[in-house]
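Residue-level structure breakdown
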Amino acid sequence: MATSQTQSTKKIVATNSAPAAIGPYSQAVIHNDIVYCSGQIALDPTTMEIVGEDAKTQTQQVMENLGEVLSAAGSDFSKVIKCSVFLNSMDDFDVVNEIYGIFFTENPPARETVAVQTLPKHVFVEISCIASV
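What this report covers is the structure whose coordinates are included nearby. (Residues numbered from 1 in each chain as written. Predicted model: local features only at pLDDT ≥ 70, side-chain atom pairs only at ≥ 80, totals over all residues. Heavy atoms only, no water.)

Regarding the packing of aromatic side chains
Both the distance between ring centres and the angle between the ring planes are used here to describe each pair of aromatic rings. Inclusion rule: Note on aromatic pairs: the rings of Phe, Tyr and Trp (six-membered ring only in Trp) are paired at centre separations within 6.5 Å, and the planes decide the class, stacked below 30 degrees, edge-to-face beyond 60, tilted for the rest. The numbering of helices and of strands both runs from the N terminus, where a helix is a DSSP run of H or I of at least 4 residues and a strand a run of E of at least 2. Each residue is placed in one exposure class: buried if its accessible area under a 1.4 Å probe, protein chains only, is under 20% of its type's maximum, exposed if it is over 50%, and partly exposed if it falls in between.
Enumeration according to the criterion identifies three aromatic pairs in this entry. Ring centres of Phe-77 and Phe-104 lie 5.4 Å apart, and the angle between their planes is 90°; this geometry places the pair in the edge-to-face category. Placement of Phe-77 in the loop between α1 (55-72) and β4 (80-87) and of Phe-104 in the loop between α2 (93-103) and β5 (110-115) is noted, with a sequence separation of 27 residues between them. Both residues of the pair, Phe-77 and Phe-104, count as buried.

Shown next, in the form of structure tokens:
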């Protein structure tokens with residue numbers, strides 16, 4: 001019995017409206033109409049400098065960066081299926097939720113939030129997501 005396989009392609013997403021990757025990874029990858037967004041930190045896309053000295057300001061920048069990557073992939077926050085939130089301290093949980101919730105007002109995605117010892121560039125928060133296109 002012969003079976004046929006369709007070749008899946010992966011498309012790399014890159015936009016100047018979000019920070020460039022600071023390592024060997026893509027801002028996002030689309031595969032089978034799903035976009036996998038790499039973790040965003042509070043980098044200004046133009047200067048590549050950290051924005052903000054607190055979790056609230058940094059979360060706002062992170063979410064704006066994620067929005068730009070989603071847009072470049074042909075998606076948006078309403079199509080996000082799952083987020084992963086990484087904090088350097090659970091003490092920032094409430095303030096991160098406050099800003100995060102502005103972007104997910106209806107039918108929020110699945111999510112986990114974990115505290116980690118250190119994040120890239122010693123930021124307070126990093127968020128990644130998976131969305132449909």
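Picking up after the structure, the text goes on.
Quick word on the pattern of salt bridges
We apply this condition: Salt bridges are identified by distance alone: a Lys or Arg side-chain nitrogen within 4 Å of an Asp or Glu carboxyl oxygen.
Under the counting rule described, the total for this entry stands at two salt bridges. Here Glu-98 makes a salt bridge to Lys-56, at a shortest N to O gap of 3.3 Å. Of the two residues, Glu-98 is situated in helix α2 and Lys-56 in helix α1; the sequence distance between them amounts to 42 residues. Among the residues examined, Glu-98 registers a relative accessible area of 43% and is labelled partly exposed. In this structure, Glu-112 and Lys-82 form a salt bridge, with 2.4 Å as the shortest nitrogen-oxygen distance. Note that Glu-112 is positioned in strand β5 and Lys-82 in strand β4, a separation of 30 residues in sequence. Judged by its relative accessible area of 28%, Lys-82 falls in the partly exposed class.

Focus on the environment of Ser-8
Inclusion rule: What makes two residues a contact is simply this: any of their non-hydrogen atoms within 4.5 Å.
Mapped onto the elements, Ser-8 comes out in the segment before β1 (10-13). Residues Ser-8 and Ser-38 lie 30 residues apart in sequence; the distance between their C-alpha atoms is 20 Å. In this structure Ser-8 touches His-31 and Asn-32, once residues within four positions along its chain are discounted.

Description of the sheet that holds β5
As a reminder, the rule being used: Two strands pair if DSSP finds at least two bridges between them. Think of each axis as a best-fit line through the C-alpha atoms, taken over the contacting stretch in the case of a helix, with angles from 0 to 180 degrees between the N-to-C directions.
Taking strand neighbours across the sheet as the criterion, the six strands line up as β1-β2-β3-β6-β4-β5 in an open arrangement whose pairing is mixed. Two strands in the sheet have a free side with no partner beyond their single neighbour: β1 and β5. Direction aside, neighbouring strands of the sheet carry axes that sit 15° apart on average. Relative to strand β3 (residues 34-40), strand β2 (residues 28-31) runs antiparallel, the two being bridged by four bridges. Bridging across to β3, Ala-28 finds its partner in Cys-37. Across the sheet, α1 lies against β1, β2, β3, β4 and β6 (125-132), angled at about 25° from β6, the strand it touches most.

So, the side chain of Gln-40
Its location among the elements puts Gln-40 in strand β3. Overall, Gln-40 belongs to the buried group, its relative accessible area being 5%. The residues contacting Gln-40, other than those within four sequence positions of it, are Pro-19, Val-62, Asn-65, Leu-66, Val-69, Val-125, Glu-126 and Ile-127.

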